[in-house]
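Residue-level listing of the chains:
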Amino acid sequence: MGTDERRELVTGIDPARNWHLSLAWAADEAHRRGLELRLVVAVPPSHDRHHGDDSPRRKAMLQAGADALQEGGDWVRARHPQLQPNTDLLDGFPATVIGGLSAQARMVVLGSRHLSRTAEYFSAGSLVVPVTAQARCPVVVVGDAEHITQEPTYLVVGIDGSESSKAALGLSFEEADLRGAALRAVSVWQPPVVPVVMFQDEEVAVQAQRRMLCETTAGWSSKYPDVHLTHEVPTGQPVEELAGASEHALAVVVGRRGRGGYTGMRLGSVVHGLLHRAHCPVITVPLV
């Protein structure tokens, strides 16, 4: 089943933390796209070997999960009366459970605790990095609110010429069209660490980057004629430039693996950086 054929948006709820920001994004997106909304709480197995799943701590976690799902479902219905969200209290580690659900989901939405990169890797309850890395659908990480008061509203999409960034471009046009927003396509030229090229060579490199950006976006404007598209080729560090461009954006959209990824990893360094630096929702798109 292709991603476009999937009719469910999945969002994970952490009963121990405030989930309203990410759930608002998920509910609004499900409403915009006419998707079903599924709220999920995953409860990991008990560490109490003597009492197993009957331990008081696990019972308390299950009750907290059920309460959060009830409250979240009521909150969604109050926000969008047309939505009737499904709620699931599931056994298992949250990252594994939600990663598995992504195989049949149109989109996964997660909140962010704004952990450092090291803390995100080693936190027992970490969701953002493992789910973003393994999910088989776009993942939205909502650490900050959309900037809906910016006029005109806009989204940012990062383009590096990779196939995954082309997938990100398609989703970014969809999102911009659904929201009546503009789209800023940004391709960052990063100078070499050792300045061995002359100034005129830098000009040639920037022009080549701009040509690649124009070729990559060609044809999309005719498919989405109401989306105002701009091309930008700043010079600098990709994470810094994309985070700066999206400071007042509705969201920043990037491919899940660009050309800057580390060997053996499914997340590029730019994605890692944006998950911790961007001041708006970050949407990552896999190459499917």
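Since this is a predicted model, take the numbers as computed values, not measurements.

Conventions adopted
- Residues numbered from 1 in each chain as written.
- Predicted model: local features only at pLDDT ≥ 70, side-chain atom pairs only at ≥ 80, totals over all residues.
- Heavy atoms only, no water.
- Pairing = 2+ DSSP bridges.
- Helix = DSSP H or I, 4+ residues; strand = E, 2+ residues; numbered from the N terminus.
- Axes fitted to C-alpha atoms, helices over the stretch in contact; angles between N-to-C directions.
- Contact = heavy atoms within 4.5 Å.
- 1 Å grid on protein atoms, 1.4 Å probe; cavity = no way out; pocket = protein on both sides within 12 Å on 5 of 7 lines; lining within 4 Å.
- Points joined across faces, edges and corners; volume = space filled by probe spheres on them.
- Core = buried A, V, L, I, M, F, W, Y, C linked by side-chain atoms within 4.5 Å.
- Buried < 20%, exposed > 50% of the residue type's maximum accessible area, 1.4 Å probe, protein only.
- Parallel < 35°, antiparallel > 145°, perpendicular 65-115°, else oblique.
- Nonpolar A, V, L, I, M, F, W, Y, C, P; charged D, E, K, R; others polar.
- Left-handed = near helix turned anticlockwise from the far one by under 90°.

## Overview of the sheet that holds strand β5 (residues 139-142)
Step number 1: Spatial strand order, β3-β2-β1-β4-β5-β10-β9-β6-β7-β8: ten strands in an open sheet with mixed pairing. Strands with a single pairing partner mark the edges of an open sheet, and in this sheet they are β3 (86-91) and β8 (229-232). When strand polarity is set aside, the average angle formed by the axes of neighbouring strands in this sheet is 20°.
Step number 2: Sheet analysis places strand β6 (residues 154-158) next to strand β9 (residues 252-255), joined by two bridges and oriented parallel. When the bridges of β9 are listed, V156 appears paired with V252.
Step number 3: Contacting β1 (8-12), β2 (36-43), β4 (107-111), β5 and β10 (282-285), helix α1 (residues 20-33) runs over the sheet at an angle of about 160° to β4.
Step number 4: Strands in contact with helix α10 (residues 269-277) are β5, β9 and β10; relative to β9, the strand with the most contacts, it is inclined by about 155°.

## Here's the deal with empty space enclosed by the protein
Step number 1: Under the criterion given, the structure shown has one cavity of 30 Å³ or more.
Step number 2: As a volume, the largest cavity reaches approximately 60 Å³.
Step number 3: Lining the largest cavity are ten residues, with G143, L275, A278, C280 and V282 positioned closest to its centre.

## Section: the nonpolar core
Step number 1: Core analysis: the biggest nonpolar cluster contains 45 residues, and L37, L155, V157, L183 and I283 have the highest contact counts within it.
Step number 2: Apart from residues lying up to four places away in sequence, L37 is in contact with L9, T11, A26, A27, A30, V76, L83, P85 and N86.
Step number 3: V10, V40, A105 and L127 belong to the second-largest nonpolar core, a separate cluster that totals 34 residues.

## Digging into the packing of α1 against helix α6 (residues 163-179)
Step number 1: Interhelical geometry of α1 versus α6 gives an angle of 85° and a closest axis separation of 11 Å. Here α6 runs roughly perpendicular to α1, going by the angle between their axes. Where α1 approaches α6, its residues W25, E29, R32 and R33 are matched on the opposing element by L171, E174, E175, L178 and R179.
Step number 2: Broken down by class, the residue content of the contact of α1 with α6 amounts to three nonpolar, no polar and six charged.

## Remarks on the packing of helix α9 (residues 238-245) against α10
Step number 1: In contact at an axis separation of 9 Å, α9 and α10 are set at 45° when each is read in the N-to-C sense. By the angle class used here, α9 and α10 are oblique. At the point where α9 passes α10, the crossing takes the right-handed sense. In this structure, α9 contributes P238, V239, E240, L242 and A243 to the contact, and α10 contributes S269, V270, G273, L274 and R277.

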